[in-house]
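# Remarks on the overall topology
Okay, here's what each chain looks like letter by letter:
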Amino acid sequence: MKLGDGVEQAIHCVTMLSRVSEDGVLSAAALAEFHGVSTSYLLKHLQALSGAGLLGTVPGPKGGYRLAKQPEEISLLDIVLAVEGPAPAFRCAEIRQRGPNPLPGRYFAKPCGINAAMLKAERAYRAELAKVSIADILADLEATDDGGIAARGCAFLDIHERKTAR
């Protein structure tokens, strides 16, 4: 299974936004700068996260993004579904029924075994992502960071966080 670059960007942005103060926001341009990615490409994913209710937005030139939920309430699955959509990664097109010398429909009464196996794997994959919250990601980071990662993020927030009325 291959996820788009937007999933990684979205997870990192949600993680970064979890460190913004309650009355603060970060602009899409600041998030893109911090992660070294295209602002226009990132905007598409931030809008999807906002549409899914994971991010809140503050409009205007001093606006930006903040979390709409607590980090413990946002799972990796929530982010993946917001960015990639809810459709399964594998889509069975029933090609077993195509080609020369087609068989009667009775041979295809049972669901395709390949499709069933792929959907089972997808359910397991989604269940694992649903178990991991942004709070879990932050806890793992804090347990392994010698202070360098936190210092980099704090220094960036000190410069780029915008204070707004909640």
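Residues numbered from 1 in each chain as written. Predicted model: local features only at pLDDT ≥ 70, side-chain atom pairs only at ≥ 80, totals over all residues. Heavy atoms only, no water.

- Looking at an unreviewed UniProt entry, one finds the protein chain named Rrf2 family transcriptional regulator, with Neorhizobium phenanthreniclasticum as its source organism.

### Re the overall build of the protein chain
- Of regular secondary structure, the protein chain possesses seven helices and four strands.
- Each helix (α) and strand (β) of the protein chain, taken in turn from the N terminus, gives the series α-β-α-α-β-β-α-α-α-α-β.
- For the protein chain, the C-alpha radius of gyration of 21 Å lies well beyond 15 Å, the compact-globule estimate for 166 residues.
- C-alpha extents for the protein chain along the principal axes are approximately 70 × 35 × 25 Å.
- Scored against the burial criterion, the 166 residues of the protein chain give a buried share of 35%.
- Contacts in the protein chain between residues far apart in sequence, at least 24 positions, make up 72% of those at least 6 positions apart.
- For the protein chain, the distance from the average site of its 19 positive side-chain charges to the average site of its 19 negative ones is 13 Å. (Helix = DSSP H or I, 4+ residues; strand = E, 2+ residues; numbered from the N terminus. Rg over C-alpha atoms; globule rule 2.2 N^0.38 Å. Buried < 20%, exposed > 50% of the residue type's maximum accessible area, 1.4 Å probe, protein only. Contact = heavy atoms within 4.5 Å. Lys, Arg positive; Asp, Glu negative; His and termini not counted. Charge placed at Lys NZ, Arg CZ, Asp CG, Glu CD.)

### With respect to the confidence of the model for the protein chain
- Looking at the protein chain, the pLDDT average stands at 92 and 98% of residues meet or exceed 70.
- Across the protein chain, the element-wise mean pLDDT spans from 90 in strand 4 (residues 162-163) up to 97 in helix 4 (residues 76-84). (pLDDT = per-residue confidence, 0-100.)

### A short note on the packing of aromatic side chains
- In this structure the tally under the stated criterion is one aromatic pair.
- We note Arg152 situated over the ring of Phe34; from NZ or CZ to the ring centre the distance is 4.0 Å. (Phe/Tyr/Trp six-rings, centres within 6.5 Å; stacked < 30°, edge-to-face > 60°. Lys NZ or Arg CZ within 6 Å of the ring centre and 35° of its normal.)

### Notes on the nonpolar core
- Residues Leu46, Leu49 and Ile79 are the most contacted members of the largest nonpolar core, which totals 33 residues.
- Among the secondary structure elements, those contributing two or more residues to this core are helix 1 (5-17), helix 2 (28-35), helix 3 (39-51), strand 3 (64-67), helix 4, helix 6 (134-144) and helix 7 (148-160).
- Tallying contributions element by element places helix 1 first for this core, with seven residues.
- Apart from residues lying up to four places away in sequence, Leu49 is in contact with Ala10, Val14, Leu54, Leu55, Ile79, Ala82 and Val83. (Core = buried A, V, L, I, M, F, W, Y, C linked by side-chain atoms within 4.5 Å.)

### What to know about the state of the cysteines
- This structure, assessed with the given rule, holds zero disulfides.
- Left unpaired, Cys13 is separated from the closest cysteine sulfur, that of Cys154, by 17 Å.
- Cys13 sits in the buried class, given a relative accessible area of 1%. (Disulfide = S-S within 2.5 Å.)

### Focus on the environment of Gly63
- Counting through the fold element by element, Gly63 comes out in the loop between strand 2 (55-58) and strand 3.
- Note: C-alpha distance between Gly63 and Gly147 (84 residues apart in sequence) is 29 Å.

### Digging into helix 2
- Of all the positions in helix 2, only Ala28, Ala30, Leu31, Ala32 and Phe34 are classed as buried.
- Phi for Gly36, located one or two positions after helix 2, is positive at around 65°.

### Here we look at unusual backbone geometry
- We note that Glu94 has phi near 55°; this positive angle belongs to a residue other than glycine.
- Along the chain, the position of Glu94 falls in the loop between helix 4 and helix 5 (113-131).
- Of note in this structure, Asn101 is not a glycine but carries a positive phi near 55°.
- The class for Asn101 is exposed, based on a relative accessible area of 70%.

### Looking at the pairing of strand 3
- Burial of the side chains of strand 3 extends over both faces: Gly64 and Arg66 are buried on one face and Tyr65 and Leu67 on the other.
- As defined by bridge partners, strand 2 adjoins strand 3 across four bridges and the pair is classed as antiparallel. What sits directly across from Thr57, in strand 3, is Tyr65.
- In this structure, the hairpin formed by strand 2 and strand 3 is closed by a connection of five residues, where Gly60 is found at a positive phi of approximately 100°. (Pairing = 2+ DSSP bridges.)

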